[in-house]
Amino acid sequence: MTYHNILVETRDRVGLIRLNRPKVLNALNEALAGELGRALAAFDADPGIGAIVITGNEKAFAAGADIAAMAEWDYQKVYGDNYITSWESVKHTRKPVIAAVAGYALGGGCELAMMCDLIVAADNAKFGQPEVTIGTMPGMGGTQRLPRAVGKAKAMDWCLTGRMIDAFEAERSGLVARVVPPEKLEDEVLAMAARIAGFSLPVVLKIKEAVNRAYESSLAEGLLFERREFHGTFGLDDQKEGMRAFVEKRKSSFRHR
Ligand code: CAA
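Predicted model, so just to flag it, every value in this text is computed and none were measured.

Is there a simple way to explain the nonpolar core in this structure?
A general feature of soluble globular proteins is that nonpolar side chains tend to end up buried together. With 46 residues, the main nonpolar core has Leu19, Leu36, Phe61, Trp87, Leu112, Phe127 and Leu175 as its most contacted residues. Here this core takes six residues from helix H1 (residues 30–45), the largest share from any one element. Among all residues touching Trp87, those that are not within four sequence positions of it are Leu28, Asn29, Glu30, Leu32, Ala33, Leu36, Leu112, Met115 and Met140. If you look at the next biggest cluster of nonpolar residues, it comprises 18 residues, including Ala100, Ala102, Leu190 and Ala193.

Structural data, given as structure tokens:
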């Protein structure tokens, strides 16, 4: 597959996608959304891949939706196109997706990171929802995923003031899982992704699905879903292998089935 707005590579069982519009700080346009969707779908379908990383460059993960492209659009167009739907590919990806964020993750960039399953940030990362400063509002999940991640008070603060949030505040607030030095970001995230990809793929998929269910259901329904999925792992060869390996004091060798 040929891509113009992203770079795609694999590292063993990890798929790595780099957003690649460096001249505009990886501003997110529709072409990039389409390519990202295709790359994610290809990794999701590839049995040799167990985890996916989305990253940018040292200056920007992504500084938001492409303002130059959007500036003259009118209501008829964005409503007619159902603008933003093209980003839902991230949500539909079944394998774990990690956002490795250095530099700016603003507007749609912050929202793209939040669509991923977890965010690891370099200590120079800057998050924010600055849409209010340009006469619009978050449109890729900022008003919905942010309160779930950081609570109402901070989500209101960030969305209504449009201020930038550094990596440490983002980590304290629960948006970011880990903060690392910028020069270690890629290695740390690839090691994390490789570790996840080494576990049983069906188990990893079940865990991702169950954690996501926590945001979409009551506690009672979520706990029941979890228990049934947990029961389901006992139908996997990898559950036998993992538990037998523990009992036999040897390293497990998962076959992803
Ligand atoms: N869209 C299009 N181009 C962008 C962009 C964006 N979101 N962000 C940066 N760029 C471009 C700049 O226009 C500039 O291009 P030129 O060199 O051709 O002038 C280039 O990237 C470098 O940017 P700056 O010169 O501005 O770099 P800086 O270091 O001085 O500032 C910044 C960096 C603070 C991130 C600043 O670029 C900025 O504020 N960007 C916009 C952030 C923003 O408002 N994002 C929200 C977009 S709306 C949205 O995302 C809606 C949604 O929810 C879906």
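Would you mind showing me how to read the packing of aromatic side chains here?
Geometry of an aromatic ring pair is reported as the spacing of the ring centres plus the angle between the planes. The full count for this structure, using the stated rule, is three aromatic pairs. Here the aromatic rings of Tyr75 and Tyr79 are separated by 5.4 Å at their centres, their planes lie at 10°, and the arrangement is stacked. Of this pair, Tyr75 and Tyr79 both sit in helix H3 (residues 75–81), four residues apart, roughly one helical turn. Among the residues examined, Tyr75 registers a relative accessible area of 56% and is labelled exposed.

Help me out: how do you make sense of unusual backbone geometry in this one?
What is expected of a backbone is that most residues other than glycine have negative phi and most peptide bonds are trans. Phi angles above zero are rare outside glycine, and Asp12 is one such case at about 50°. By relative accessible area, which is 74% here, Asp12 ends up exposed. Of note, the phi angle at His256 is positive, near 60°, even though the residue is not glycine. By relative accessible area, His256 is classed as partly exposed at 25%.

Before we go on, may I ask you to explain the packing of helix H5 (residues 108–115) against helix H6 (residues 142–150) in this structure?
Across the interface, H5 lies against H6 with an axial gap of 10 Å and an inter-helix angle of 55°. One element, H5, and the other, H6, form an angle in the oblique class. Two packed elements cross with a definite hand, and for H5 against H6 that hand is left-handed. The residues of H6 that touch H5, namely those facing Glu111, Met114 and Met115, are Gly142, Arg145 and Leu146. In terms of residue class, the contact of H5 with H6 is made up of three nonpolar, one polar and two charged.

Honestly, the environment of Asp123 in this entry has me stumped. Any pointers?
Mapped onto the elements, Asp123 comes out in the loop between strand S7 (118–122) and strand S8 (126–128). Taking relative accessible area as the criterion, Asp123 reaches 34% and is therefore assigned partly exposed. Each C-alpha atom, one on Asp123 and one on Glu183, is 9.8 Å from the other, the two residues being 60 residues apart in sequence. With sequence-adjacent residues up to four places away left out, Asp123 is seen in contact with Ala167, Phe168, Val179, Val180, Pro181 and Pro182.

What exactly am I supposed to notice about the state of the cysteines here?
Such a bond, covalent and formed between the sulfur atoms of two cysteines, is termed a disulfide. Under the defined criterion, the tally for this structure stands at zero disulfides. Cys159 supplies the cysteine sulfur nearest to Cys110, a cysteine that is in no disulfide, at a spacing of 8.3 Å. In this structure Cys159 comes out as buried when scored by relative accessible area, which is 13%.

Honestly, the sheet that holds S8 in this entry has me stumped. Any pointers?
Hydrogen bonds between backbone groups are what pair the strands of a sheet, and the pairing can be parallel or antiparallel. Read from one edge to the other, the open sheet built from four strands follows the order S4-S6-S8-S9, with strand pairing classed as mixed. Where the open sheet ends on each side, the last strands, each with one partner, are strand S4 (60–62) and strand S9 (165–166). Strand direction decides the pairing type here: S4 and strand S6 (residues 104–106), joined by two bridges, are parallel. Directly across from Ala60, in S6, lies its bridge partner Tyr104. The sheet contacts of H5 involve S4, S6 and S8, and relative to S6 the element is tilted by about 90°.

Help me out: how do you make sense of the site of the ligand in this one?
Around the ligand, 24 residues are found, and the nearest of them are Ala65, Ile67, Gly108, Glu111 and Glu131. Gly108 is positioned such that a nitrogen or oxygen atom in its backbone is 2.8 Å from an oxygen atom of the ligand. Within the backbone of Gly139, a nitrogen or oxygen atom sits 3.0 Å from an oxygen atom of the ligand. Elements that contribute at least two residues to the shell around the ligand include exactly helix H2 (67–70), S6 and H5. Here the residues of the shell around the ligand are counted per class, giving 15 nonpolar, four polar and five charged.

The rules behind these values
- Each chain has its residues counted from 1, running along the sequence as written.
- Totals for whole chains, interfaces and linings use all residues, but because this is a predicted model, local features are given only for residues with pLDDT of at least 70 and pairs of side-chain atoms are given and counted only at 80 or more.
- Side-chain measures here rest on the full set of heavy atoms in the structure, leaving out hydrogens and waters.
- Only buried residues count toward a nonpolar core, which is a set of Ala, Val, Leu, Ile, Met, Phe, Trp, Tyr and Cys residues joined through side-chain atoms within 4.5 Å.
- Think of it in three bands: residues with accessible area under 20% of the maximum for their type are buried, residues over 50% are exposed, and the middle band is partly exposed, with areas taken using a 1.4 Å probe on protein chains only.
- By the criteria applied, helices consist of DSSP H or I runs no shorter than four residues and strands consist of E runs no shorter than two, each listed in order from the N terminus.
- When checking whether two residues touch, look at their non-hydrogen atoms; a contact exists if any pair is within 4.5 Å.
- Working definition: a ring pair exists when centres of Phe, Tyr or Trp rings (six-membered ring for Trp) sit within 6.5 Å. Plane angles under 30 degrees give stacked, over 60 give edge-to-face, the rest tilted.
- Only the stretch in contact is used when fitting a helix axis, every axis being a line fitted to C-alpha atoms; angles between N-to-C directions are given from 0 to 180 degrees.
- In this scheme, roughly parallel covers angles under 35 degrees and roughly antiparallel covers those over 145, while 65 to 115 is roughly perpendicular and the rest are oblique.
- Helix crossings get a hand from a simple test, with the near helix turned counterclockwise from the far one by less than a right angle marking a left-handed crossing and a clockwise turn marking a right-handed one.
- All amino acids are sorted into three groups, where Ala, Val, Leu, Ile, Met, Phe, Trp, Tyr, Cys and Pro are nonpolar, Asp, Glu, Lys and Arg are charged, and the leftover types, Gly among them, are polar.
- We call a pair of cysteine sulfur atoms a disulfide whenever their separation is within 2.5 Å.
- Whether two strands pair comes down to DSSP finding at least two bridges between them.
- Any residue with a heavy atom lying within 4 Å of a molecule or strand is counted as near it.
- Here a polar contact means two N or O atoms within 3.5 Å. Within protein one must be a hydrogen donor candidate and the other an acceptor candidate, and residues neighboring in sequence count only if both atoms are side-chain atoms.

Keep in mind that these numbers describe shape and distance, not what the molecule does.
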